[in-house]
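Below are the chains, spelled out letter by letter.
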Amino acid sequence: MAGTKRTDSDPSGVGRRGFLAAGAGAFLCTIGGENILVGKPGDAAKADAAAARVKRPAGAKSRPAATVPGADPVDQLRFGTPTPQPGGRTREYWIQATAVVWDIMPNRPRRDYWHGMPVAGPTNFRAFVYQEMTEGFADTKGPAAMPGPTLHCEVGDVLKVHVRNALPDKYAQAITMHPHGVRYTPDYDGSYIGDFTRAGGFIGPGEEFTYTWEALPESVGAWPYHDHGPNHTLNTMRGLYGGIIIRPKGAPKPDVEKMLFFHSLSPPTTGLTRVFQCINGRAYAGNTPTIRAKAGQDVALHAIGMDDNFHDFHIHGHRWHKDGGSFMTDCQSLGPGETVTARFVEDNPGRWLYHCHVFSHQDNGMAGFYLVTR
Amino acid sequence: MAGTKRTDSDPSGVGRRGFLAAGAGAFLCTIGGENILVGKPGDAAKADAAAARVKRPAGAKSRPAATVPGADPVDQLRFGTPTPQPGGRTREYWIQATAVVWDIMPNRPRRDYWHGMPVAGPTNFRAFVYQEMTEGFADTKGPAAMPGPTLHCEVGDVLKVHVRNALPDKYAQAITMHPHGVRYTPDYDGSYIGDFTRAGGFIGPGEEFTYTWEALPESVGAWPYHDHGPNHTLNTMRGLYGGIIIRPKGAPKPDVEKMLFFHSLSPPTTGLTRVFQCINGRAYAGNTPTIRAKAGQDVALHAIGMDDNFHDFHIHGHRWHKDGGSFMTDCQSLGPGETVTARFVEDNPGRWLYHCHVFSHQDNGMAGFYLVTR
Amino acid sequence: MAGTKRTDSDPSGVGRRGFLAAGAGAFLCTIGGENILVGKPGDAAKADAAAARVKRPAGAKSRPAATVPGADPVDQLRFGTPTPQPGGRTREYWIQATAVVWDIMPNRPRRDYWHGMPVAGPTNFRAFVYQEMTEGFADTKGPAAMPGPTLHCEVGDVLKVHVRNALPDKYAQAITMHPHGVRYTPDYDGSYIGDFTRAGGFIGPGEEFTYTWEALPESVGAWPYHDHGPNHTLNTMRGLYGGIIIRPKGAPKPDVEKMLFFHSLSPPTTGLTRVFQCINGRAYAGNTPTIRAKAGQDVALHAIGMDDNFHDFHIHGHRWHKDGGSFMTDCQSLGPGETVTARFVEDNPGRWLYHCHVFSHQDNGMAGFYLVTR
């Protein structure tokens, strides 16, 4: 047992490092049927290697053969491509999946502005993100950042999203974009399902695919999108996610609107030595999004869980109708992929904290500032 | 420390086996006042032994004596047996608690149909389940399976449920059936509460008890029932649960309706070497329930948590009114014993995944197929 | 490795003690920028020492200087003190933060009244609590107990809460009182935010501060308050919390109303050898609150999470409108700081269990009795 860090002064048998790695960050992935425990720094490379071994399923080219084990007549169905409702329009996006060196705490010196204290680095790791491009992928349009670009549309519209897999060769593996909230046929589900995979469920290295999704009346709200390819768990955890906002036809945009993804970046994912509890890939107030509004404005903040944990969205000095009903809350729990929308007319100037109310998440960076002017 | 699996390449000190056992499956049981840590294969037998030592409480025969520590006048109350409301009827069920060798992955070869890959066995363990019987327990009527039979009734009806403890001698211990949602007097609560236990809170080996429950207007919905006897935690985790569906008087049954219990089967419970994240006791798509519907049908899917974890019910290609309100969701979290109902008119043919959106649950089997024809 | 408790018969490498300490109780605190792992008995003292080192921020005396890193014009805003709306009144409370030897199981002999069995001690630890005082802190008025006094007011009222830091010298550190639900300016937020801290965010040893909070129409409900000073995570976990109930103007009080805080008291917090899953700082039925009502009464039970875990509030024999909507539940999950209100007209006499439906929480004490007379 030489070399282990446990000592008799740690009778729990779970040292600090173990606590961080196992308690907060380990997860099991099924990748092309291989079980990969991503439990410590370095394991992500094993998951990547497994993902690189996943072969393009036959169904991603044509429909699944009737002879595939478990095949059903529904696998032979053919689907069209939806078009906008009368009066609706097509909203087009070009987005590439790419790798980037991502800094969880970009401010220098690294500082927790809540507690006014320095935080030790390093805080960089290799993230995968969705990046907005100009038409035809001619040039970059937005940053390579977490979250990816927020897709906007109205009920009756169609979202046409061109996705390119621009991951570097070193990480060669298929990715996809799976949306929540919108309506899509199986071809545009963006999910790898082995031999049952349809067209958009496997965008191989260097390839492009165009998703076409409909905004139904029941789609109104804020939703996530994320990778749902062969390596979706690790990829989502390292940044391959973004948001969709769908409004009723002609509805005004809130004066202030923000997507806030709550998720952890842990050693197995990042190769760093500690867990960061993040909002939009950043940890600690001043690094996480600082939201700004002024009194009288219509504010909509959308919190979405994007890891294996449950979180709890709390804003100081404010409260909202839970799920739009009569029950008032200022602290609402949210699971992975689940949306909590805090919407209110701003009436309270000052510097406010917003944070996850899970205490150890808040203490590990899952907090930010909300600044309201008169 | 010879024989342990930890090595220096696992600085967390928590090996794969430890991760599986402690991170996902260990739980503490209080059984007749004994504290049993069910933390690894073999511990279930200790819990069973403790349960076998629990003596029939005096209160299970008559009312608790006024001299029992903590006794209150309410313990001397007498209750009748409810009868149907005018126009209502009695719905009668015969159900036995029994043990069965349960296969978490019954398809051969064992296969994860999502990823199209084999999964290694073994996947069998000794489960406890509720099984529907014909009138008077004359014969078996339904399978010995997870979940137990779904009990159906309408508002104003009475559910009369005859329960027999048919566990093999090897597992001799008291069981009960505790329902959610319905109204019951303390005699029909189906809960062991030591000296305060009433008639239906201790069905000893070989015994029978008849529960009588009322369906109130406020009972409309889908609910779980489960063991709440001396060994309820372990027994519920190894399969002793089922569902109740209560409709308004005369309300039509949805065209497609399914109870989906989300729970883990872990090494301490099963004696197997790994955790399976299950739906209705099965893991991995193709083994978990494959749900079928066709366009235009009224579909109701009821997800209920039935272990120590929180889950998150996601269906691809569909969305629903969260808790019947105005907020739309396609991903709703659920705790132990808590129900999430996804109800919608089917409008989207194809092969769809439904799964827990907790990533490592989804990757460990908590996923299934939903097949929709035109 | 001499002295450790692990043996080859525990292949998980996580012994009972490790399971209890790490699985249920460890948490990381950021205190004045120091990262303290509170992971085992004795670590709380390290957190206290770190808290004692936190210096009064400049902003707690005046407004933050414009030269503070990250300072914003909002930090120079000046705020008044709110007064009641026309027809409203000021409700005044005097409350001290103090330390007390708290018994998790005060009944003797220590007994789990659910299972009718003895529980081994010790069950005492040094808790921090809010205690109600008479006007001007002249004398004690209420017990030094968990939860602190429930603050009551109506819409249009102002809550004026005088808080004194009466912690013993041994624990000398700043505390605060941060409320949920009410409206407050940044001066009355009760949150330590380093250099941005306003007046009420740092009540040093022996000091007093008066918070003034407004009850808005949107504040109706039951809410927590808790420490949000430099050592808030540990302090909240060891008892520094209480409740606020706000009613519409002139609304009648329910016949029975109870705040029920769900939280764990674990070895790192208590120095004891095991975890207790508690309701209001007590574990096991008969020690946790025994609630009493009679048929026909209007009953309101408010469950609030107050640790790092998610819980699930279940009451036997009863059900309620989830969040006041149309969906009925008898089992509703709740996160840290989040409120679940079960409100119903009592119609079911008898002895009932209420408990967390997370099985291992229920088995470790998170349960109580609800006694209903005819």
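This is a predicted model, so every value here is computed, not measured.

(A) Expanded view of the overall build of chain A. The secondary structure content of chain A amounts to 5 helices and 23 strands. Here chain A has a C-alpha radius of gyration of 21 Å; the compact-globule value for 374 residues is 21 Å, and the two agree. For chain A, the spread of C-alpha atoms along the three principal axes comes to 60 × 60 × 40 Å. The burial tally for chain A puts 63% of its 374 residues in the buried class. Within chain A, counting contacts between residues at least 6 apart in sequence, those at least 24 apart form 70% of the total.

(B) Highlighting the confidence of the model for chain A. All names here are of chain A. For chain A, per-residue confidence averages 91 on the pLDDT scale, and residues scoring 70 or more make up 94% of the total. Note on residues 1-23: pLDDT under 50 across the span, and 63 contacts to partners over four residues away in sequence or across chains. Here the complex is predicted with pTM 0.93, and the ipTM for its interfaces comes to 0.93.

(C) Seen up close, the sheet that holds strand β7 (residues 151-154) of chain C. Residue and element names in this part refer to chain C. Judged by pairing direction, the sheet is mixed, and its 4 strands sit side by side in the order β7-β12-β11-β9 without closing on themselves. At either end of the open sheet lies a strand with only one pairing partner, and these are β7 and β9 (178-179). With 6 bridges connecting them, strand β11 (residues 221-226) and strand β12 (residues 241-247) associate as antiparallel partners. Within β12, the residue paired with P224 across the bridge is G243.

(D) Looking closely at unusual backbone geometry. The peptide bond linking A:R108 to A:P109 adopts the cis configuration, its omega dihedral lying at -10°. Mapped onto the secondary structure, A:P109 falls in the loop between β3 (90-103) and β4 (111-112). That bond from B:G121 to B:P122 is cis: its omega, 0°, falls within 30 degrees of zero. Examined against the element boundaries, B:P122 turns out to sit in the loop between β5 (117-118) and β6 (124-133).

(E) Region of the structure containing the sheet that holds strand β13 (residues 256-265) of chain C. Residues and elements named next belong to chain C. In spatial order, the strands read β14-β13-β16-β21; together these 4 strands make up an open sheet with mixed pairing. Each edge of the open sheet is held by one strand with a lone partner, namely β14 (276-279) and β21 (339-345). Strand-to-strand twist in this sheet, taken as the mean axis angle between neighbours without regard to direction, amounts to 15°.

(F) Looking closely at the domain arrangement of chain A. Residue and element names in this part refer to chain A. Segmentation of chain A into domains returns domain 1 (30-250) and domain 2 (252-374). Of note, the centres of domain 1 and domain 2, computed from C-alpha atoms alone, are 23 Å apart. Taken together, the contacts link 35 residues of domain 1 with 29 residues of domain 2. Of all the secondary structure elements, the ones that give two or more residues to the side of domain 1 that touches domain 2 are α2 (43-53), β4, β6 (124-133), β11 (221-226), α3 (232-237) and β12 (241-247).

(G) Fine view of the nonpolar core. Counting 318 residues, the largest nonpolar core has A:A47, A:F262, B:A47, B:F262, C:A47 and C:F262 as the members making the most contacts within it. Three or more residues apiece are contributed to this core by two domains, here domain 1 (30-250) and domain 2 (252-374) of chain A. Those residues within four positions of C:F262 in sequence are excluded, and the remaining contacts are C:I279, C:A303, C:G305, C:M306, C:H311, C:L334, C:C356 and C:M366.

(H) The arrangement of helix α2 (residues 43-52) of chain B in detail. All names here are of chain B. Residues D43, A44, A47, D48, A50 and A51 constitute the buried set of α2. All buried residues of α2 fall inside an arc of 160° around its axis, so they share one side. The inward-facing, buried residues of α2 contact β1 (27-31), β2 (34-38), α3 (232-237) and α4 (267-270).

(I) Region of interest: the UniProt feature "domain: Plastocyanin-like" (unreviewed entry) in chain A. All names here are of chain A. UniProt's entry tags residues 145-249 and 273-372 with the feature "domain: Plastocyanin-like" (unreviewed entry), counted in the numbering of this structure. Helix and strand shares over residues 145-249 are 6% and 32% respectively, and the end C-alpha atoms of the span are 29 Å apart. Taken end to end, residues 273-372 is 4% helix and 49% strand, and its first and last C-alpha atoms sit 36 Å apart.

(J) Examining the pairing of strand β22 (residues 350-356) of chain B more closely. All names here are of chain B. When you tally the buried positions in β22, you get 7 out of 7 residues, the bulk of the element. Of the two faces of β22, the one carrying G350, W352, Y354 and C356 and the one carrying R351, L353 and H355 are both buried. Sheet topology note: the strand β17 (residues 311-315)/β22 ladder contains 3 bridges and is antiparallel. Within β22, the residue paired with F313 across the bridge is C356. Relative to strand β23 (residues 367-373), β22 runs antiparallel, the two sharing 6 bridges. Residue pairing across strands places R351 opposite L371, the latter belonging to β23.

Cut-offs and rules
Residues numbered from 1 in each chain as written. Chains lettered and ligands numbered in written order. Predicted model: local features only at pLDDT ≥ 70, side-chain atom pairs only at ≥ 80, totals over all residues. Helix = DSSP H or I, 4+ residues; strand = E, 2+ residues; numbered from the N terminus. Rg over C-alpha atoms; globule rule 2.2 N^0.38 Å. Buried ≥ 20, exposed ≤ 12 C-beta atoms within 10 Å, placed from the backbone. Contact = placed C-beta atoms within 7 Å. pLDDT = per-residue confidence, 0-100. Pairing = 2+ DSSP bridges. Axes fitted to C-alpha atoms, helices over the stretch in contact; angles between N-to-C directions. Domains from an automatic or database assignment. Core = buried A, V, L, I, M, F, W, Y, C linked by C-beta atoms within 7 Å. Arc of directions from axis to C-beta. UniProt positions renumbered as here; feature names shortened; annotations may be inferred.

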